[in-house]
Amino acid sequence: MSLIGKEITEFEAQAFHENEFKTIKKEDLLGKWNVLFFYPADFTFVCPTELEDLANKYEEFKNINCEIYSVSCDTHFVHKAWHDTSKTIKKINYPMLADPTAKLAKDLDVYIEADGLAERGSFIINPEGKVVMYEVIAGNVGRNADELFRRVQASQFVYEHGDEVCPAKWKPGEETLKPSLDLVGLI
């Protein structure tokens, strides 16, 4: 079953952000774009490379009105300990959301019941709190923040210009398409 258009459930979760513990709720996601970036666990191997990649691009996401939330089934205390001990994770300025009950992971169907971990799932959530893009990949393959950023930009464009669509590799300023009978078979 597709999750496109699914509204995220009401939730309340602890996060480690800006050297503090904070409560994040569904309401905090509304009115702006968000990326929920699930990863298996803190103190692992591929995960810090992905989180660092996002940290390096975080200001660009913020500049397009998009917040990033990394999410694992670890607690906010574990997030803080990882942040305090890892020079890679120290670079993170976005909220690190704790999901120890797996409420969010289960809601978005990325929870691995047998392991108590989340899959590598990336979700773009629109200002209404609905999923407009997601992908879930194997735990042994890292993701690319540049591609995720491009997908947020494309999602924002079509959200604002409903009669246009973005072709493969589209970036802002490039040509879009207006679906019509005249285009069928010509692309």
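Look a little higher up for the structure.
Below is a summary of the structure that appears in this document. Worth saying up front: this structure is predicted, and the values here are computed from it rather than measured.

### Side note on the overall build of the chain
Alright, step 1. Assigned secondary structure in the chain consists of 5 helices and 9 strands.
Alright, step 2. Walking the chain from its N terminus toward its C terminus, one meets helices and strands in the order β-β-α-β-α-β-α-β-α-β-β-β-β-α.
Alright, step 3. Rg of the C-alpha trace for the chain: 17 Å, near the compact-globule value of 16 Å for 187 residues, within the 12% margin.
Alright, step 4. Every one of the 187 residues in the chain was classed for burial, and the buried ones make up 45%.
Alright, step 5. Looking at the chain alone, contacts between residues at least 24 apart form 64% of all its contacts between residues at least 6 apart.
Alright, step 6. Side-chain charges in the chain split into 21 positive and 32 negative, and the spacing between the mean points of these groups amounts to 3 Å.

### Brief notes about the nonpolar core
Alright, step 1. Among the nonpolar cores identified, the biggest contains 24 residues, and Val35, Leu51, Leu54, Phe61, Tyr94 and Leu148 are the most heavily contacted of them.
Alright, step 2. Of all the secondary-structure elements, those providing two or more residues to this core are β3 (33-38), α2 (46-63), β4 (66-72) and α5 (145-160).
Alright, step 3. A per-element tally of this core places α2 first, with 6 residues.
Alright, step 4. Not counting chain neighbours up to four residues away, the residues in contact with Leu51 comprise Phe37, Tyr39, Ser70, Trp82, Ile89, Ile92 and Tyr94.
Alright, step 5. The next biggest cluster of nonpolar side chains, apart from the first, holds 22 residues, and it includes Leu29, Tyr69, Cys73 and Ala102.

### Some thoughts on the pairing of β4
Alright, step 1. Counting buried residues in β4 gives 7 out of 7 residues, a clear majority hidden from the surface.
Alright, step 2. Side chains of β4 alternate between two faces, with Cys66, Ile68, Ser70 and Ser72 and Glu67, Tyr69 and Val71 buried alike.
Alright, step 3. Here 6 bridges tie β3 to β4, and the two strands are oriented parallel to one another. Paired with Leu36 across the strands is Tyr69, a residue of β4.
Alright, step 4. After leaving β3, the chain enters α2 and then returns to the sheet as β4, a path that is right-handed.

### Thoughts on the packing of aromatic side chains
Alright, step 1. This structure, assessed with the given rule, holds 10 aromatic pairs.
Alright, step 2. When the centroid spacing of 6.0 Å and the interplanar angle of 65° are considered together, the rings of Phe16 and Phe21 count as edge-to-face.
Alright, step 3. For Phe16, a relative accessible area of 2% gives the class buried.
Alright, step 4. Aromatic side chains Phe21 and Phe77 sit 5.2 Å apart centroid to centroid with 80° between the ring planes, which places their arrangement in the edge-to-face category.

### Overview of the packing of α2 against α5
Alright, step 1. Closest axis-to-axis distance for the α2/α5 pair is 9 Å, and the angle between their directions is 30°. Classed by the angle they form, the pair α2 and α5 counts as roughly parallel. Between α2 and α5 the crossing geometry is right-handed. Residue-level inspection shows Asp53, Leu54, Lys57, Glu60 and Phe61 of α2 in contact with α5, the latter providing Ala145, Asp146, Leu148, Phe149 and Val152.
Alright, step 2. The residue inventory of the contact of α2 with α5, partitioned by class, reads 6 nonpolar, no polar and 4 charged.

Reading the values: rules and limits
Residues numbered from 1 in each chain as written. Predicted model: local features only at pLDDT ≥ 70, side-chain atom pairs only at ≥ 80, totals over all residues. Heavy atoms only, no water. Helix = DSSP H or I, 4+ residues; strand = E, 2+ residues; numbered from the N terminus. Rg over C-alpha atoms; globule rule 2.2 N^0.38 Å. Buried < 20%, exposed > 50% of the residue type's maximum accessible area, 1.4 Å probe, protein only. Contact = heavy atoms within 4.5 Å. Lys, Arg positive; Asp, Glu negative; His and termini not counted. Charge placed at Lys NZ, Arg CZ, Asp CG, Glu CD. Core = buried A, V, L, I, M, F, W, Y, C linked by side-chain atoms within 4.5 Å. Pairing = 2+ DSSP bridges. Right-handed = clockwise from strand over helix to strand, strands pointing away. Phe/Tyr/Trp six-rings, centres within 6.5 Å; stacked < 30°, edge-to-face > 60°. Axes fitted to C-alpha atoms, helices over the stretch in contact; angles between N-to-C directions. Parallel < 35°, antiparallel > 145°, perpendicular 65-115°, else oblique. Left-handed = near helix turned anticlockwise from the far one by under 90°. Nonpolar A, V, L, I, M, F, W, Y, C, P; charged D, E, K, R; others polar.

By themselves, these observations are geometric and do not establish any function.
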